[in-house]
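# Inside the fold
What follows is each chain in one-letter form.
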Amino acid sequence: MYMAFGNMGKGVEVDLSSGTVTEFEIPEEIYRDYIGGTGLAAKLLYDRGNLEAEPLDPENLLIFATGPLTGIGFSGSSRLSVGSRSPLTGIWGQASCGGNFGPELKRCGYDALILRGKAEKPVYLILGDDSLEIAPADDLWGKDTYETTDILKERHGKQAKVLAVGPAAENLIPFASIVNDYGHHFGRAGMGTVMGSKRVKAIVAQGTKKMEYKDPEKVKAMQEEHRQLVKDNIFCGALSAFGTGANMEAKMYEGDVPTRNWGRGLWEEGAEKLSGIALADNFIVDHGSCRGCAVRCKPVVEVKEGPYAMGPGPGPEYETQASFGTMIMNDNLAALCKINDYCNRAGMDTITCGSTIAWAMDCYEAGILKPEDYEGIKLEWGDVDTVIELLPKIVNREGKLGALLAKGSRKAAEEVGNGADAYLTDSKGLEAPMHDPRCNWGDGLAYAVSIRGACHVSNLTFLLEWGAIEYPEIGLDKNYQPQSTEYKAEAVALTADLGCIMNSACWCEFPGTIYSVTQWAELFDAVAGYGWDYRKMMEAGARVWFLQRCLGHIWGATGADDRIGQRIMTPVEDGGIAGSVPDMETMLREFYEYRGMTPDGMPTRETLEKYGLGYLADRLGL
Ligand code: SF4
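Residues numbered from 1 in each chain as written. Predicted model: local features only at pLDDT ≥ 70, side-chain atom pairs only at ≥ 80, totals over all residues. Heavy atoms only, no water.

### Comments concerning the overall build of the protein chain
Basically, it comes down to this: Numbering of helices and strands starts at the N terminus; helices are DSSP runs of H or I of at least 4 residues and strands are runs of E of at least 2. Each radius of gyration is computed over the set of C-alpha atoms, and the globule rule expresses the reference value as 2.2 Å times the number of residues to the power 0.38. Note on exposure labels: buried denotes an accessible area under 20% of the residue type's maximum, exposed denotes more than 50%, and partly exposed covers the range between, all computed with a 1.4 Å probe on protein chains only. In this description, contact between two residues means that some pair of their heavy atoms is separated by no more than 4.5 Å.
Helix and strand counts for the protein chain come out as 26 helices and 17 strands. For the protein chain, the C-alpha radius of gyration of 22 Å lies close to 25 Å, the compact-globule estimate for 622 residues. Projecting the C-alpha coordinates of the protein chain onto the three principal axes gives extents of approximately 65 × 55 × 50 Å. The buried share among the 622 residues of the protein chain stands at 64%. Considering only residue pairs separated by 6 or more positions, the protein chain has 69% of its internal contacts joining residues 24 or more positions apart.

Structure below.
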């Protein structure tokens, strides 16, 4: 086998239907062209998968993949990506997780783990040095993610790294997550659901293998330099102290924090009571971290007394502080910690779940969801105790309301009809994350054209609009006025490529964006010896974007799906976003043109061939 610097050079596939385990080599050019992580997962799914398979069909593949930066000892370099056809959206779904499983997968000797087929009975997988075993998991089925992790660490040793799914995945709730060692999540797009559909309850990894670098001295020097940059970075400092909700109050005044299912633009008291500062003042007892990351943005919280008391455990991140806070008009942070704990244990995406409940509250207020049709349950804004009672009903599809909300907001609205779609906040079936495009219009375009549906971690436009980053080497140093279309097409296209690079290289956005794109390319070269300058690196990012976009086209998505939910396209009357609605038509037109796509949002053959993707043009008949 060739020397795969920065990578292990091979993957392993398990066919759960037959119990067969097969190793496969990953050619060097695949790493160069598709980087790793979500790029590698998409390429493997295209090459080895059955593209006719429905998301929960056993033939749909679930692919975990590391990137060249996984496990290199930098802050933010412990990530792992997963990709599959999503049961929530029907198109390419992907998620990225910090924690510590990614480096361990490499230590077992693998860059990719493919799950195919469906086990007859519940199983879990045990990864060791160049090995994969299938073990029975009847005793684990039905347990939550924390209990499962406890048992497996007891059985395989505290150093073993664990991925687990909870009851939400077992019950095929389409927004189930995969949880790594309690506090780290592959949250979005129902990747846990696909794992549950294969009857894989957990994956345990423990290895001893080492990765080689092309230029170890340079990697070491850059590590030291990056450590200092992280230490001196004010944003990273705020994340350490207050978690990702550090900036919530200021952002509320700007109008960036979705409130009352995106129906209001300002709720000062709510932001004050829910913010990272309030969390630190009242509940943070420690600061957790992904492996080797100096930022430590993961609060550990404890609610010592009262009806929502809970022992120390992973605390809510900003997305949850908004989706189960401002979105449903709940300003009780203790209750929110409890909800977060429940969702972690059940293995459920808090953005989709909170947004679906917020959608239902809006429909209730509008008289579309009537309590008499749904077991008498009243969905009043801010009634957090009803929400807490509702969560297990969603996980177990219990009762008419639980079963409805267990579908996610888009499918629930289709079932309810009667104008319920006016309150949707999704793009392509994935509920929007907690940054308001009426505040930063580029975010609207980013959500609309995002591959997996509304997503903020696959695109850095909002950070440009905030003035938090700039990349002069690639022209991303303009004057980005938040509520304007100017430069947004270019910004969204280029930062989508950067997002693809990050999720493929498997590097965390927070410490990753401290580097310039020139430094990123230098790091790739030192680690993996790709010989890239930043132009080549950007080209690889665009290649990954178009591959994943084309998977969506193969599965039926078109430019008509590049839209954001009607609720977000409705102006609000208060706050910093009063009257603002992003000009989607202009931005989409300019984006397609900038990207080399047709006016109706299809890539052209010429564009695909430019990135070496002529095979996709053939497949799509372009
Ligand atoms: S910044 Fe936070 S999420 Fe990112 S790697 Fe560090 S601890 Fe993990």
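Structure shown, so let's carry the discussion forward.
### As for the nonpolar core
Applicable threshold: Throughout this description, the term nonpolar core refers to a set of buried Ala, Val, Leu, Ile, Met, Phe, Trp, Tyr and Cys residues connected via side-chain atoms within 4.5 Å.
Ranked by size, the top nonpolar core spans 195 residues in total, and within it Phe64, Leu127 and Trp359 carry the most contacts. Among all residues touching Trp359, those that are not within four sequence positions of it are Asn261, Leu404, Leu405, Ser409, Ala412, Ala413, Val416, Ala420, Tyr423 and Leu424.

### Considerations on the pattern of salt bridges
Filter applied, for reference: Salt bridges, as used here, are contacts in which a Lys or Arg side-chain nitrogen is within 4 Å of a carboxyl oxygen on Asp or Glu.
With the rule as written, the count across this model stands at 42 salt bridges. Note that Glu302 and Lys304 form a salt bridge whose closest N and O atoms lie 4.0 Å from each other. For Lys304, a relative accessible area of 65% puts it in the exposed group. We note a salt bridge from Glu398 to Lys393, for which the minimum N-O separation is 3.8 Å. Each of Lys10, Glu23, Asp130 and Lys209 takes part in a single network of salt bridges with overlapping partners.

### A few points about the side chain of Arg452
Worth spelling out the cut-off: In this count, Lys and Arg are taken as positive residues and Asp and Glu as negative ones, while His and the chain termini are left out. Under the rule applied, a polar contact is a pair of N or O atoms within 3.5 Å (in protein, one hydrogen donor and one hydrogen acceptor; residues adjacent in sequence only if both atoms are side-chain atoms).
Along the chain, Arg452 turns up in the loop between helix H18 (441-449) and helix H19 (461-466). Within the buried core, Arg452 has no salt-bridge partner, and the shortest N-O distance to an opposite charge, that of Asp349, equals 7.6 Å. Only 2.7 Å separates the side chain of Arg452 from the backbone oxygen of Gln94, close enough to count as a polar contact. In this structure, Arg452 is in contact with Thr89, Ile91, Trp92, Gly93, Gln94, Ala95, Arg188, Leu430 and Val457, ignoring residues within four places of it in sequence.

### Remarks on the pairing of strand S1 (residues 10-15)
Put simply, the rule is: DSSP calls a pair of strands paired once it identifies at least 2 bridges connecting them.
In terms of burial, S1 is a largely internal element, 6 of the 6 residues being buried. Side chains Lys10, Val12 and Val14 project from S1 onto one buried face, and the interleaved Gly11, Glu13 and Asp15 project onto a second face that is buried too. Examined bridge by bridge, S1 and strand S2 (residues 20-25) share 6 bridges and lie antiparallel to one another. Following the sheet pairing, Lys10 is matched in S2 by Glu25. Between S1 and S2, which pair antiparallel one after the other, the connecting turn spans 4 residues, and Gly19 there sits at a positive phi close to 80 degrees. As paired strands, S1 and strand S6 (residues 112-116) are joined by 5 bridges and run parallel to one another. The residue bridging Gly11 from the neighbouring strand is Ala112, located in S6.

### Overview of the sheet that holds strand S12 (residues 200-205)
As a reminder of what qualifies: Fitted lines through C-alpha atoms serve as axes, helices being fitted only where they are in contact, and the angles separating the N-to-C directions of these axes extend from 0 to 180 degrees.
Overall, mixed pairing links the 6 strands, which are arranged S8-S7-S12-S9-S10-S11 in an open sheet. Only two strands of the sheet have a single neighbouring strand rather than two, namely strand S8 (131-136) and strand S11 (184-186). Neighbour-to-neighbour, the strand axes of the sheet open up by a mean angle of 20 degrees, direction not taken into account. Of the strand pairs in this sheet, strand S10 (residues 178-180) and S11 are connected by 3 bridges, and their pairing is antiparallel. When the bridges of S11 are listed, Val179 appears paired with His185.

### Some words on the sheet that holds strand S4 (residues 80-85)
Read from one edge to the other, the open sheet built from 6 strands follows the order S2-S1-S6-S3-S4-S5, with strand pairing classed as mixed. Of all strands in the sheet, those with a lone pairing partner are S2 and strand S5 (92-97), marking the two edges. Each strand of the sheet is rotated relative to its neighbour by a mean of 15 degrees, with strand direction disregarded. Looking at chain direction, strand S3 (residues 62-65) and S4 are connected through 3 bridges and run antiparallel. From the neighbouring strand, Ala65 faces S4, where its bridge partner is Ser81.

### Focus: the domain arrangement of the protein chain
For clarity, the cut-off: In this document the domain limits rely on a domain assignment from an automatic tool or a database. What gets called buried area is simply the loss in accessible area from a 1.4 Å probe that two parts show on being joined, summed for both.
Examined at the domain level, the protein chain breaks down into domain 1 (10-205), domain 2 (237-427) and domain 3 (438-563 + 583-620). Spacing between the C-alpha centres of domain 1 and domain 3 amounts to 26 Å. Tallying the contact residues gives 39 residues for domain 1 and 35 residues for domain 3. For the pairing of domain 1 and domain 3, the buried interface totals around 3,300 Å² over both sides, and the portion due to carbon and sulfur atoms is 64%.

### Some thoughts on helix H14 (residues 350-365)
This is how the line gets drawn: One less than the residue count of a helix, multiplied by 1.5 Å, gives the span that helix is expected to have.
When the terminal C-alpha atoms of H14 are compared, their 22 Å separation across 16 residues agrees well with the 22 Å that a helix rising 1.5 Å per residue should span. When you tally the buried positions in H14, you get 15 out of 16 residues, the bulk of the element. One side-chain oxygen of the residue at the start of H14 lies 3.0 Å from the amide nitrogen of Ile351, identifying that residue as Asp349. The first or second residue beyond H14 is Gly367, which carries a positive phi of 80 degrees.

### A short note on the packing of aromatic side chains
Using the following cut-off: Classification of ring pairs rests on two measures: the distance between centres of Phe, Tyr or Trp rings, Trp counted by its six-membered ring, which must be within 6.5 Å, and the angle between planes, read as stacked under 30 degrees, edge-to-face over 60 and tilted in between. Look at NZ for Lys and CZ for Arg. If either is within 6 Å of the ring centre and within 35 degrees of the ring normal, a charge sits over the ring.
Tallied over the full model, the rule gives 17 aromatic pairs. Between the aromatic rings of Phe64 and Phe186, the centroid separation amounts to 5.8 Å while the plane-to-plane angle is 70 degrees, which identifies the pairing as edge-to-face. Separated by 122 residues along the polypeptide, Phe64 in strand S3 and Phe186 in strand S11 bring together distant segments of the chain. Pair check on accessibility: Phe64 and Phe186 agree, each one buried. Taking the centre distance of 5.7 Å and the plane angle of 70 degrees together, the rings of Trp507 and Tyr515 count as edge-to-face. Lys251 extends its terminal NZ or CZ atom over the ring of Trp466, reaching a point 3.8 Å from the ring centre. Sitting above the plane of the Trp545 ring, Arg595 keeps its charged end 4.2 Å from the centroid.

### Details of the site of the ligand
Convention followed: For this description, a residue counts as near a given molecule or strand if any of its non-hydrogen atoms is within 4 Å of it. In the scheme used here, Gly and all other residues not listed as nonpolar or charged are polar, with Ala, Val, Leu, Ile, Met, Phe, Trp, Tyr, Cys and Pro taken as nonpolar and Asp, Glu, Lys and Arg as charged.
Taken together, Gly76, Cys290, Cys293, Val295, Cys297, Lys298, Cys508, Phe510 and Pro511 make up the full set of residues adjacent to the ligand. Along the lines of polarity and charge, the residues of the shell around the ligand split into 7 nonpolar, 1 polar and 1 charged. In terms of domain composition, the shell around the ligand takes at least three residues from each of domain 2 (237-427) and domain 3 (438-563 + 583-620).

### Focus on the packing of helix H13 (residues 333-346) against helix H15 (residues 384-395)
So the rule is basically this: Working rule for angles: under 35 degrees goes down as roughly parallel, over 145 as roughly antiparallel, 65 to 115 as roughly perpendicular, anything else as oblique.
With their axes 11 Å apart at the nearest point, H13 and H15 run at an angle of 5 degrees to one another. Viewed along their axes, H13 and H15 adopt a mutual orientation that is roughly parallel. Residues Ala335, Ile339, Tyr342, Cys343 and Ala346 of H13 lie in contact with H15, whose contacting residues are Val384, Val387, Ile388, Leu391, Pro392 and Val395. Across the contact of H13 with H15, the residue classes tally to 11 nonpolar, no polar and no charged.

### Re unusual backbone geometry
With a phi angle near 40 degrees, Asp181 is a residue other than glycine that sits in the positive phi range. Relative to the assigned elements, Asp181 resides in the loop between S10 and S11. Not every positive phi belongs to a glycine, and Met329 is a case in point at roughly 60 degrees. The class of Met329 is buried, set by a relative accessible area of 13%.

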